[in-house]
Amino acid sequence: MNLLKNQQAAETIDSVYIDLEAQLMQNIVRHLRGWEEPIATDKWLMQKLAEIGKLNQENIQMIAQMSGVSVTAAERMLNEMAEEAIKSTEPGFQYLARQGLITSLADAKKSKNVKQVMKNLQKQAKDTLNLTNTTMLHKAQEAFKSLVQNTAEEALKIMNNNTSGTITGVESRQQALRRTIKQFNDKGISGFVDKKGRNWTPEAYVNMAMRTTAGSVANEVQTARCEDMGVNLIQIDSHSGARPKCAKDQGKIFSLDNTSGITEDLHGKKIKYYPWNSSSYGEPDGILGINCGHHKFPFVPGVNIQRHFPTDDLDANNRLYKQTQVQRALEREVRKQKRECMLFDELGCEEAFKGASVDLKIKEKQLRDYVDNHKNLHRRRDREQVAGFDKNVSAEVVRTNKKYQKELAEKIKNDKIISEIKATGIKGEIKLQPKEKIDVSDFTFDDAHINKEREHKVTREEAEKFIKEADISVIRWEGRFVNYYGPNGAVYIDTENNNIRTAFHKEQFDEHTKKMREVLEKNEKD
C-alpha cells in the first residue's frame, strides 16, 4: 500500500464526515429561518431555543444514516488493506516454503495472529467513529445554542448603539447573523476534543485516525505473518515528501528483535540493519506514526533485494512535504468558504451571500495559483467538494461573482473619470450617471434670475429635461446645492429652499464644464 493509496483509503471515510459536518451546519442554519419576522429579539431567542429538541432528533437521524456508511466504509477499507498486505508478502513466503527456508506455510485466512490483529483494528476504527458521532451530536447542540444566543446579544448591542433609532429588530438581527454565522463557519462542529481541550474538526480527527489505522493494518498484518513464519528483518519503503523523522528511517532495514549487524541480499550485497527501537517508531510524527504513509516489508537474508533506499536529499524531501501541507490548508479554506456560501444561501441573506461568493473566488484562485506554481503538485477537486454546495448554489456563486467583477471594473473606470474631472477644476462630490435624481416638480423656478437677469432663455420644462438627461451631478455644501450636467444643458438646485436657482444651455458652459464634458466623451469612446 503506497502513500497515495493510503491517503485515498482514509479519504473514503473522512469525506463522509466532511459531508456530515456540512449537513449538520446547514440544518442548524435552517432552524434560524424566520429572522425577518417582525418580532422582538428576546421573543425570537426563546422561539429558537424551543427548537433544540426537534433539531437534535433531526441531527440524530443524519448521524445514524452517515454512521452506517462510515462503519461500512471503514470495514471495507481495513479488509482491502489486509488483503493487499497479505498479497504483497505471500508470494515471498510461498517461495521460502518451497526452498525449505521456513518449516511450514500457515494459511493467512486461518492465521490466529492475523485474525486477532483484524479484530483489534476493526474495534479500534469503530470506537473512533462512534466517539466522533457522539461528539458531533453534542457539539452541534452547543453550536446552535451559542449561535442563537450570540445573535440575540449582538442584535441588542446593535440596537443600543444606534442612537438615531432607525434600525429595527429585524435589521439588527440580520446584521448580527452575518457576523455570528461567519464565526460559526470558521469554528465548525468539533468531532473530537483532546486531553488538552483542543477541538479537532471531524475531517482532521477521522483522517488522522483512519490513516493511522490503515497503516497499522498493513504493518500489523505483515508482522503477524512474519511471526507465523519466523522472519525477523523488515524493510521500510521510501517516498518523496516524507516528514523529517520518517525521512531518516525510510529505505533502511531493521530487526524486530532490536539487534544490529550486517545481512546479505540475493546477490550477496552486504547491507547494514538497525535495531527497530533505534528508529522513530512509536513517536506521533515518526515512522509508521500518525498520518505516516510508510509501510514495512519482510526481508529474508540471501533471498530479498533491497528495493528501497534511504533518502539522500533531505532538504528537497522536506520542501515537498511542506508544499503538500500548504495545498491541503488551501483546500480546507476553499471548502470552508463554500460552506459559508451554502449557509448564507440557506439563511436567505443575499448581501452576505454576495460577500461570501467573492471571497470564495479569491480563495480558489489562491489554491489554483499555488498548485500551478509547484510542478510536483496537482489539483484535487474531490478535496474541494462540500455537501449542500450543489449546482444551484455553485451557479449562483458564479453569477454573483461575475456581477461583482463587472461592478468592480465599472467602479475602477468611474474613479478614474472622477479623478480626471477633478483635475479640470470642478469642486464638490461628483457622481456619474446619478440614478436617484431630485424631484423638482414642487420646486420654485427662479425665472427672474435665470432669464431676465442672466438671459439664459431656458424654460422650466427645458430645465426639468436637462435634469432627466444629466449624466453627472456635483453635490456641494453638504448636499444643500446639487448641480446637474447633461449633454444639452445644466441645472443648479437649492435643496434647502426647494428652488431651481439657475439653468443654461450647453452653449453657455464655462471652461471647467467644457473640459468636464470632454473627459466624459473621451471615456465613452474608450
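Criteria and thresholds
- Residues numbered from 1 in each chain as written.
- Predicted model: local features only at pLDDT ≥ 70, side-chain atom pairs only at ≥ 80, totals over all residues.
- Heavy atoms only, no water.
- Pairing = 2+ DSSP bridges.
- Helix = DSSP H or I, 4+ residues; strand = E, 2+ residues; numbered from the N terminus.
- Axes fitted to C-alpha atoms, helices over the stretch in contact; angles between N-to-C directions.
- Buried < 20%, exposed > 50% of the residue type's maximum accessible area, 1.4 Å probe, protein only.
- Salt bridge = Lys/Arg side-chain N within 4 Å of Asp/Glu carboxyl O.
- Phe/Tyr/Trp six-rings, centres within 6.5 Å; stacked < 30°, edge-to-face > 60°.
- Lys NZ or Arg CZ within 6 Å of the ring centre and 35° of its normal.
- Expected span 1.5 Å × (residues − 1).
- Polar contact = N/O pair within 3.5 Å; in protein donor to acceptor, adjacent residues only side chain to side chain.
- Contact = heavy atoms within 4.5 Å.

### Details of the sheet that holds strand β4 (residues 253-255)
Reading across the sheet, the 5 strands line up as β5-β6-β4-β3-β7 and stay open at both edges, with mixed pairing between neighbours. In this open sheet, the two edge strands, each paired with only one partner strand, are β5 (261-264) and β7 (296-299). The sheet shows a mean angle of 45 degrees between the axes of neighbouring strands, taken without regard to direction. In the sheet, β5 pairs with strand β6 (residues 270-275) via 4 bridges, with the strands oriented antiparallel. The residue bridging G261 from the neighbouring strand is Y273, located in β6.

### Some remarks on unusual backbone geometry
Even without being a glycine, K457 presents a positive backbone phi close to 55 degrees. With respect to the helices and strands, K457 occurs in the loop between α11 (447-453) and α12 (460-469). Even without being glycine, E478 reaches a positive phi, approximately 55 degrees. Secondary-structure assignment places E478 in the loop between β10 (472-476) and β11 (481-485). With a relative accessible area of 85%, E478 lands in the exposed category.

### Some words on the pattern of salt bridges
Here the structure, examined in full by the defined rule, presents 31 salt bridges. Here K123 and D127 are joined by a salt bridge, their closest N and O atoms 2.9 Å apart. One end of the pair, K123, and the other, D127, are both in helix α4 (residues 112-161), 4 residues apart, so they sit about a helical turn from each other. With relative accessibility at 38%, the residue D127 sits in the partly exposed group.

### Examining the packing of aromatic side chains
With the rule as written, the count across this model stands at 10 aromatic pairs. Ring centres 6.2 Å apart and planes at 85 degrees place the aromatic pair W200 and Y205 in the edge-to-face group. Considering the side-chain rings of Y485 and Y492, the 6.0 Å spacing of their centres and the 70 degrees angle between planes classify their relative orientation as edge-to-face. Overall, the relative accessible area of 1% leaves Y485 in the buried class. Residue Y492 is classed as buried on the basis of its relative accessible area of 16%. Taken together, F254, Y274, W276 and Y281 form an aromatic cluster joined through their ring pairs. Cation over ring: K252 sits above Y274, and NZ or CZ is 4.9 Å from the ring centre. A cation sits over an aromatic face here: R501 above F481, 4.6 Å from the ring centre.

### Concerning helix α10 (residues 391-422)
Between its terminal C-alpha atoms α10 stretches 46 Å, which fits the 46 Å expected from 32 residues at 1.5 Å a residue. Among all positions in α10, only V393, V397, T400, N401, I417, I418 and I421 are buried. Between a side-chain oxygen at the N-terminus of α10 and the backbone nitrogen of N392 the separation is 3.2 Å; the capping residue is D390.

### Let's talk about the sheet that holds strand β8 (residues 429-432)
The strand order across the open sheet built from 6 strands is β8-β10-β11-β12-β13-β9, with neighbouring strands paired in mixed fashion. The sheet terminates laterally at β8 and β9 (444-445), the two strands that pair on one side only. Sheet topology note: the β9/strand β13 (residues 499-505) ladder contains 2 bridges and is parallel. Across the sheet, the residue bridging to T444 is N499, located in β13. Strands in contact with α10 are β8 and β10; relative to β8, the strand with the most contacts, it is inclined by about 135 degrees. Lying on the sheet, α12 is in contact with β9, β11, β12 (489-494) and β13; it crosses β12 at an angle near 95 degrees.

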